[in-house]
Amino acid sequence: TNHLNTDFELPSAVKGFEHSTTGGDREWNPSDANDPSVPSEAAGYDALSDSFIVSFAAVTGLTLAAPTGTDTSITLEDTATLSRGDFLYLSNCTGSDLFQVSAIDDDKNQVSHTTDDDLEPGNKTDILGSVYGPDDDILRFVSARYYVRDDGDNTDSTGRPIPTLFRSPTNNDDDGQPLVPWVENLQVLYGEDTGGTKSADTFVNANEVSNWEKVRALRLAILLRSGEELGRAMDRGVDDEPWQVLDFEFPNDSSRVRRRMYSKTIEIRNGYL
C-alpha cells in the first residue's frame, strides 16, 4: 500500500537523461512530478555525459521491537540511523506499506507515520494496511542519481576541478558523493524487452525507450583519463581519432593524456511487471 500523498508518483525502477537532447527536449525520461533538475554545463555537469536514476528498496538492518497495531507509530529496536522525512517500506508475505517518517522519538525508539502537512509529499493516511512483526522486513525507499560533473573540492595541479562520477539523492546535489575521479564521460543505453521474454533484446538511448516498465537492463560505459598530461608538447595531435563510448563518439581534444573506456551490462532485478 502506498501511503504517500497522491501528488507523489512511484518512479520507474530506472530513469534516464540523454545528453544529446536539445532545447525543449532536455528532460528526464520518463517525466513525472519528481524530476530532478536538467543537468546543465553552467552548473558544472559534463555537457556530453548521460545521467541515470535507479530506484529501489534498500536493506536497513532495522527490526520491529513489537507487532504493529492501529497506532500511528511503530516501535523499533533502534532509530539512530533514521531521519524525519525518510521513506520506509514494511513488508512481509501478505503485503507491504510505504510511508514517510513524520516524527522520531529516540527515547522510545518509535517512528510516527502521521499525515503531517509539513512533509513533502507527506502521508495521505496514517493507518497501515497489514500487521507486521519482528521477523518482517523494514526497507528504505531510495532513488539515487549518477552523473558526471566537476568536483570543486578536488582540483588538479593547475587548479582546475577534476571531472568526477557522482552519486546523489535525486533532488539534492548538496549531498552528492564523489565516486570515481577523472571520469570524462558517462554513456547509458537502456535494455528494453520488446519480445515479452522478460529479458532485454534491444538497447536504446533514454529518449528512445518506448515503455519504461519493460526496461530490463542498463548498459553503462565510462571514459577515464590520466590525471596529468604526459609526454612532450610535440606529441599533441598524434592521435586525433574519437573515442567510441557505446554509441557516442567522444571527441579527442589532442591533449597528452591516456584514456581508457570501461563498460558493463547490468540486469535490473525484480523489475518485472
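Here, the structure is the one placed above.
Cut-off values and rules
- Residues numbered from 1 in each chain as written.
- Predicted model: local features only at pLDDT ≥ 70, side-chain atom pairs only at ≥ 80, totals over all residues.
- Heavy atoms only, no water.
- Helix = DSSP H or I, 4+ residues; strand = E, 2+ residues; numbered from the N terminus.
- Buried < 20%, exposed > 50% of the residue type's maximum accessible area, 1.4 Å probe, protein only.
- Contact = heavy atoms within 4.5 Å.
- Salt bridge = Lys/Arg side-chain N within 4 Å of Asp/Glu carboxyl O.
- Pairing = 2+ DSSP bridges.
- Axes fitted to C-alpha atoms, helices over the stretch in contact; angles between N-to-C directions.
- Patch = residues over 30% accessible without salt bridge, like charges linked within 9 Å, V, L, I, M, F, W, Y side chains within 5 Å.
- Areas by Shrake-Rupley, 256 points an atom, 1.4 Å probe, with all protein chains shown as cover.
- Lys, Arg positive; Asp, Glu negative; His and termini not counted.
- Charge placed at Lys NZ, Arg CZ, Asp CG, Glu CD.
- Phe/Tyr/Trp six-rings, centres within 6.5 Å; stacked < 30°, edge-to-face > 60°.
- Lys NZ or Arg CZ within 6 Å of the ring centre and 35° of its normal.
- Core = buried A, V, L, I, M, F, W, Y, C linked by side-chain atoms within 4.5 Å.
- Polar contact = N/O pair within 3.5 Å; in protein donor to acceptor, adjacent residues only side chain to side chain.

Our focus in this paragraph is the overall build of the protein chain. Helix and strand content of the protein chain: zero helices and 16 strands. A burial count over the protein chain gives 42% of its 273 residues as buried. Considering only contacts in the protein chain between residues 6 or more positions apart, those separated by 24 or more positions represent 60%.

On inspection of all chains with the given rule, the structure shows five salt bridges. Measuring nitrogen to oxygen at the nearest pair gives 3.0 Å for the salt bridge that ties Asp116 to Arg84. Taken together, the positions of Asp116 in the loop between strand 7 (110-112) and strand 8 (137-155) and Arg84 in the loop between strand 3 (73-75) and strand 4 (87-92) put the pair 32 residues apart, joining distant regions of the chain. A salt bridge links Asp193 to Arg216; the nearest nitrogen and oxygen atoms lie 4.0 Å apart.

With antiparallel pairing, three strands are arranged side by side in an open sheet as 3-7-6. Two strands bound the open sheet, and with one partner strand each, they are strand 3 and strand 6 (103-105). If you compare each strand with its neighbour and ignore which way they point, the axes differ by 20 degrees on average. Pairing of strand 3 with strand 7 involves three bridges; the strand directions are antiparallel. By the bridge assignment, Thr75 is partnered in strand 7 with Gln110.

What follows deals with a negative patch on the surface. On the surface, Glu77, Asp78, Asp106 and Asp107 cluster together into a patch of negative charge. Considering the arrangement of structural elements, one finds Glu77 in the loop between strand 3 and strand 4. For Glu77, a relative accessible area of 52% translates into the label exposed.

This next bit is on the pairing of strand 1 (residues 14-17). The side chains of a regular strand alternate, first on one face of the sheet and then on the other. Residue alternation in strand 1 divides its side chains into two sets, Val14 and Gly16 and Lys15 and Phe17, and both sets are buried. With four bridges joining them, strand 1 and strand 2 (residues 51-59) adopt antiparallel strand pairing. Of the residues in strand 2, the one forming a bridge with Phe17 is Ser51.

Under the definition given, this model contains seven aromatic pairs. An angle of 65 degrees between the planes, with centres 5.1 Å apart, marks the rings of Tyr190 and Trp212 as edge-to-face. Pair noted here: Tyr190 is in strand 11 (residues 183-192) and Trp212 is in the loop between strand 12 (202-204) and strand 13 (215-225), with a separation of 22 residues, a long-range link. Grouped by ring-pair contacts, the aromatic residues Tyr45, Tyr147 and Phe166 constitute a single cluster. We note Arg149 situated over the ring of Tyr45; from NZ or CZ to the ring centre the distance is 4.7 Å. Taking the ring centre of Phe203 as reference, the NZ or CZ of Arg219 above it sits at 3.8 Å.

Ranked by size, the top nonpolar core spans 20 residues in total, and within it Val14, Phe52, Tyr190 and Leu218 carry the most contacts. Sorting the residues of this core by element identifies strand 2, strand 8, strand 11 and strand 13 as the ones contributing at least two each. When sequence neighbours within four positions are dropped, the list of residues in contact with Phe52 reads Lys15, Gly16, Trp28, Ala144, Arg145, Tyr146, Leu186, Val188, Tyr190, Leu218 and Leu220. Leu62, Leu76, Leu90 and Val111 belong to the second-largest nonpolar core, a separate cluster that totals 13 residues.

The next subject is the pairing of strand 9 (residues 161-169). Both strand 8 and strand 9 contribute to a ladder of nine bridges, which runs antiparallel. Directly across from Asp150, in strand 9, lies its bridge partner Pro163. Hairpin connection from strand 8 to strand 9: five residues lie between these consecutive antiparallel strands, with Gly159 at a positive phi of about 90 degrees.

Mapped onto the elements, Thr68 comes out in the loop between strand 2 and strand 3. Classification of Thr68 as buried rests on a relative accessible area of 9%. Not counting chain neighbours up to four residues away, the residues in contact with Thr68 comprise Ile74, Leu90, Leu128, Ser130, Val131 and Tyr132.

Here the focus is the side chain of Ser49. With respect to the helices, strands and loops of the structure, Ser49 is situated in the loop between strand 1 and strand 2. A polar contact of 3.4 Å, which involves the side chain of Ser49, links it to the side chain of Asn185. Within the structure, Ser49 has its side chain in polar contact with the backbone nitrogen of Leu186 (distance 3.0 Å). Ignoring anything within four residues of it in the chain, the contact list for Ser49 reads His19, Val148, Glu184, Asn185, Leu186 and Gln187.

Purely geometric numbers; function is a separate question.
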